[in-house]
Amino acid sequence: MATPAAATVHLADYTPAPYRIPRTELCFRLGSHGTMVASRLELEPNPVAASGPLLLWGLDLELLELKLDGEPLPAEAFVLKPDHLLLPQPPRRPFVLETLVRIHPETNSTLEGLYVSGGLFTSQCEAEGFRRITFHPDRPDLLSRFRVRIEADLETCPVLLCNGNCIETGGLPPEPGAAAVTPPTRHYAIWDDPFPKPSYLFALVAGRLEEVRDRFTTASGREVALRIHVEPGDAPYTAHAMASLKRAMAWDEQRYGLEYDLDEYNIVAVRHFNMGAMENKSLNIFNSKLVLADAETATDAELERIESVIAHEYFHNWTGNRITCRDWFQLSLKEGLTVFRDQSFTEDLHGAALNRIENVALLRNTQFREDAGPTAHPVQPDSYQAIDNFYTTTIYEKGAELIRMLHTVLGEETFMRGMALYVQRHDAAPPPVMTSCRPCRMRSGARHPSTRSVPPLVSPGRHTRAADPASLGWRCRRAGAADPPAHPPTPGQHRKHPVVIPLALGLIDQAGTELPLQLEGEPAPSPGTRLLVIDREEQSLRLVGLPRRQHPPALSLLRQFSHR
Ligand code: SER
Ligand code: ZN
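The present account deals with the structure reproduced in this document. (Residues numbered from 1 in each chain as written. Chains lettered and ligands numbered in written order. Predicted model: local features only at pLDDT ≥ 70, side-chain atom pairs only at ≥ 80, totals over all residues. Heavy atoms only, no water.)

1. Focus on unusual backbone geometry
Part 1 of the reasoning: A cis amide bond links E126 to the next residue, A127, at an omega of 0°.
Part 2 of the reasoning: Locating A127 in the fold gives a position in the loop between β11 (120-124) and β12 (144-153).
Part 3 of the reasoning: The backbone of L558 sits at a positive phi, close to 55°, despite the residue not being glycine.
Part 4 of the reasoning: Of note in this structure, Q560 is not a glycine but carries a positive phi near 50°.
Part 5 of the reasoning: Within the secondary structure, Q560 is located in the segment after β28 (554-557). (Helix = DSSP H or I, 4+ residues; strand = E, 2+ residues; numbered from the N terminus.)

2. Description of the sheet that holds strand β8 (residues 84-87)
Part 1 of the reasoning: Taken together, 3 strands build an open sheet; the order of strands is β4-β8-β7 and the sheet is antiparallel. Only two strands of the sheet have a single neighbouring strand rather than two, namely β4 (54-57) and β7 (79-81). In this sheet, adjacent strand axes meet at a mean angle of 15° when their direction is disregarded.
Part 2 of the reasoning: Both β4 and β8 contribute to a ladder of 4 bridges, which runs antiparallel. Each bridged residue has a counterpart across the sheet, and for L54 the counterpart in β8 is L87. (Pairing = 2+ DSSP bridges. Axes fitted to C-alpha atoms, helices over the stretch in contact; angles between N-to-C directions.)

3. A look at the coordination of the zinc ion (ligand 2)
The reference angle at a metal is 109.5 degrees if four donors form a tetrahedron and 90 or 180 degrees if six donors form an octahedron.
Part 1 of the reasoning: Surrounding the zinc ion (ligand 2) are the protein donor atoms H312 (NE2), H316 (NE2) and E335 (OE), which sit 1.9 to 2.1 Å from the metal.
Part 2 of the reasoning: Read in sequence order, the donor residues coordinating the zinc ion (ligand 2) give the pattern H-x3-H-x18-E. Here the residue H316 occupies a position in the loop between α2 (300-315) and α3 (331-350), and E335 occupies one in helix α3, the gap between them amounting to 19 residues.
Part 3 of the reasoning: Here E335 falls in the buried class, since its relative accessible area comes to 1%. (Donors = N, O, S within 2.8 Å, 3.2 Å for Na, K, Ca; no water. Buried < 20%, exposed > 50% of the residue type's maximum accessible area, 1.4 Å probe, protein only.)

4. As for the packing of α3 against helix α5 (residues 393-410)
Part 1 of the reasoning: The interhelical angle for the contact between α3 and α5, taken along N-to-C directions, is 70°, at an axis separation of 7 Å. Classified by the angle their axes make, α3 and α5 are roughly perpendicular. Considering how the two elements wind past one another, α3 and α5 form a crossing that is right-handed. Here L331, S332, E335, G336, L337, V339, F340, Q343 and E347 of α3 come into contact with α5, specifically with I395, Y396, E397, G399, A400, I403, R404 and H407.
Part 2 of the reasoning: For the contact of α3 with α5, the per-class residue count stands at 8 nonpolar, 5 polar and 4 charged. (Parallel < 35°, antiparallel > 145°, perpendicular 65-115°, else oblique. Left-handed = near helix turned anticlockwise from the far one by under 90°. Contact = heavy atoms within 4.5 Å. Nonpolar A, V, L, I, M, F, W, Y, C, P; charged D, E, K, R; others polar.)

5. Considering the pairing of strand β10 (residues 113-117)
Looking down a regular strand, the side chains alternate between one sheet face and the other.
Part 1 of the reasoning: Alignment of β10 against β11, held across 5 bridges, turns out to be antiparallel. Across the sheet, the residue bridging to S117 is L120, located in β11.
Part 2 of the reasoning: In sequence, β10 turns back onto β11 through a hairpin of 2 residues, with G118 there showing a positive phi of about 60°.

6. Quick look at the nonpolar core
Part 1 of the reasoning: F28, L30, L97, I150, F202, L204 and V291 are the most contacted members of the largest nonpolar core, which has 111 residues in total.
Part 2 of the reasoning: Not counting the four nearest positions on each side in its chain, F28 is found in contact with T35, M36, V37, L114, I133, V148, R149, I150, E151, F202 and L204.
Part 3 of the reasoning: By size, the runner-up hydrophobic cluster in this structure holds 15 residues, among which are V499, I501, L541 and L558. (Core = buried A, V, L, I, M, F, W, Y, C linked by side-chain atoms within 4.5 Å.)

7. What to know about the environment of S244
Part 1 of the reasoning: Locating S244 in the fold gives a position in helix α1 (residues 239-256).
Part 2 of the reasoning: S244 sits in the buried class, given a relative accessible area of 0%.
Part 3 of the reasoning: The spacing of S244 and V309 is 65 residues in sequence and 9.3 Å in space, taken between C-alpha atoms.
Part 4 of the reasoning: Look past the residues within four positions of S244 in its chain and what remains in contact with it is E307, I310 and F345.

8. So, the site of ligand 1
Part 1 of the reasoning: Taken together, E126, M275, A277, M278, E279, H312, E313, H316, K334, E335 and Y396 make up all the residues around ligand 1.
Part 2 of the reasoning: Between ligand 1 and E126, the relevant distance is 2.6 Å, taken from a nitrogen atom to a side-chain nitrogen or oxygen of the residue.
Part 3 of the reasoning: The separation between an oxygen atom of ligand 1 and a polar side-chain atom of E313 is 2.8 Å.
Part 4 of the reasoning: Contact with the protein chains covers 93% of the free accessible surface of ligand 1, which is 240 Å².
Part 5 of the reasoning: For the shell around ligand 1, the elements supplying multiple residues, two or more each, are β20 (277-278), α2 and α3. (Near = heavy atom within 4 Å. Polar contact = N/O pair within 3.5 Å; in protein donor to acceptor, adjacent residues only side chain to side chain. Areas by Shrake-Rupley, 256 points an atom, 1.4 Å probe, with all protein chains shown as cover.)

9. What to know about the sheet that holds β12
Part 1 of the reasoning: One open sheet holds the 8 strands; their spatial order is β6-β5-β9-β3-β2-β12-β15-β14, and the pairing between them is mixed. Looking at strand neighbours, the two that pair on one side only are β6 (71-72) and β14 (165-172), the edges of this open sheet.

10. Here we look at the packing of α2 against α3
Part 1 of the reasoning: Contact pair α2 / α3: the axes reach a minimum separation of 9 Å and the direction vectors enclose 135°. Taken as axis vectors, α2 and α3 run oblique relative to one another. α2 and α3 meet at a crossing whose hand is right-handed. Along the contact surface, α2 presents E304, E307, S308, A311, H312 and F315, while α3 presents E335, T338, V339, R341, D342, F345, T346, L349 and H350.

11. A word on the pattern of salt bridges
Part 1 of the reasoning: What the rule picks out here adds up to 40 salt bridges.
Part 2 of the reasoning: Across the pair E126 and K334 runs a salt bridge, and its minimum N-O distance is 2.8 Å. Separated by 208 residues along the polypeptide, E126 in the loop between β11 and β12 and K334 in helix α3 bring together distant segments of the chain.
Part 3 of the reasoning: Overall, the relative accessible area of 3% leaves E126 in the buried class.
Part 4 of the reasoning: R255 is the partner of E412 in a salt bridge, and the nearest nitrogen-oxygen pair spans 3.1 Å. Of this pair, E412 sits in helix α6 (residues 412-426) while R255 sits in helix α1, and the two are 157 residues apart along the sequence.
Part 5 of the reasoning: Exposure remark for E412: the relative accessible area of 33% places this residue in the partly exposed category.
Part 6 of the reasoning: Ionic contacts of the salt-bridge type, sharing partners, join the residues E126, E279, K334 and E335 into one network. (Salt bridge = Lys/Arg side-chain N within 4 Å of Asp/Glu carboxyl O.)

12. Considerations on the side chain of N280
Part 1 of the reasoning: Relative to the helices and strands, N280 is located in the loop between β20 and β21 (283-287).
Part 2 of the reasoning: Those residues in contact with N280 that sit more than four places away from it in its chain are N163, Y200, L201, F202, A203, I285 and N321.

13. A word on α3
Part 1 of the reasoning: Taking 1.5 Å of rise per residue, 20 residues should cover 28 Å, and α3 covers 28 Å from first to last C-alpha, within 8% of that figure.
Part 2 of the reasoning: Looking at the residues trailing α3, positive phi occurs at G351, about 105°. (Expected span 1.5 Å × (residues − 1).)

Here it is, written out as structure tokens:
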């Protein structure tokens, strides 16, 4: 998909937005021949940014009104282009900007912004779809409190959904000029989301949907109404998704200490949703195939997939929504972390070993190939033309492996303390930079997010009877430093630097029994898996005190696929 301006965006060019938007009010008047969107943005100068013009992106918007502090803006005070609205000299004080635009969801075939499909209004704003709804800076580091009013026809749109909590509903008087009717044929709903969020998490759904209800009580006693909205006739197939949601909510409390934060949680499952699933704050939208399961015919794999995607979108409520990204270069900071969390959830529920094998098989079959081909890119790219092209297995699966690596190196307890600190520091404030967390600052650890292709681990290890104590050498070489190069160059990265690679190993005898293991320099052998961190270009380790048996014991390397 193309962005409006096909200009390349560079990570190095990031600058904070000149204005913050503490509050956003939207009013939608949904219609079958055009929809009116009134927007009221409360803006204020951003104290950490240099002053500058106000850039509001907008695509396929018909601007009908533009007001600053209630007064129509004179033509010389703004510039309107096909993809944006610019205020060259906005006030350097708090002010209110109001726009009224007409959009056409009924003919919008981009599957971004607000569109009608199968008679249902559905939205998709990640990554840059909000600009198809109203004029807006539409960048992930601008968080705002949203209040949204939706007005629609009662007959065609009995269900009106948005983010947050529904605080008011009611009937509407007839449109001006139309004959008065009783009962009313139009109605409205007002939704308030108390948590500041970036525009890509905005969602609106309106139409004819069937509702399945349940409840969840959080660890601190908050009652949450759970609702799954499906196309008429699909309600009998939602039980597994609902049970999965409740398991995910309980797991996040138990493992991460993270509770749900609103009074309601809505999932919409429709057949024509293109993105698979989307974590919009408290209004997840799914393709039906990732929600509906027929108890008679669904396979174990289908059930597990539904459970993990429901969990993935739920886990985004903290990793992605409350803790969001500074810019789209940090996409993996929410996706890699959330994939790691959904993988851990499935491992806890269904067994770690099998799940790990499946995830590594996926990584090898898809991400390794991507990394070996012309579209290879780092987990944190340094530039892009269209961010929509970066929803890749590198961002998701390799990103999850980097988080797993941190978990492996730090151990469960330290990792969880780090996560708690990350949440505490960055709640409603974008993370400053992707490698600022302490583990990433480990020597050469910070290189992973910017490294393309799979870092190799070359083992010219020897293990012979004659050489006792046995020794095993490990080398991780720079490209071109030896023949063949350990880590071949990729486009844009001619020199590869060594990166951190955790190496879990153990020792087993010929009968498969685990033996205690002693590394040179250690006073005594100890049993179980040993974790080494390979962080130099060439590193060797030496095992000592091996039993003198006819058949030497075998090294069991890279346990749990500690890495490649
Ligand atoms: N942000 C979405 C997800 O990964 C994109 O589909 O859940
Ligand atoms: Zn995700």
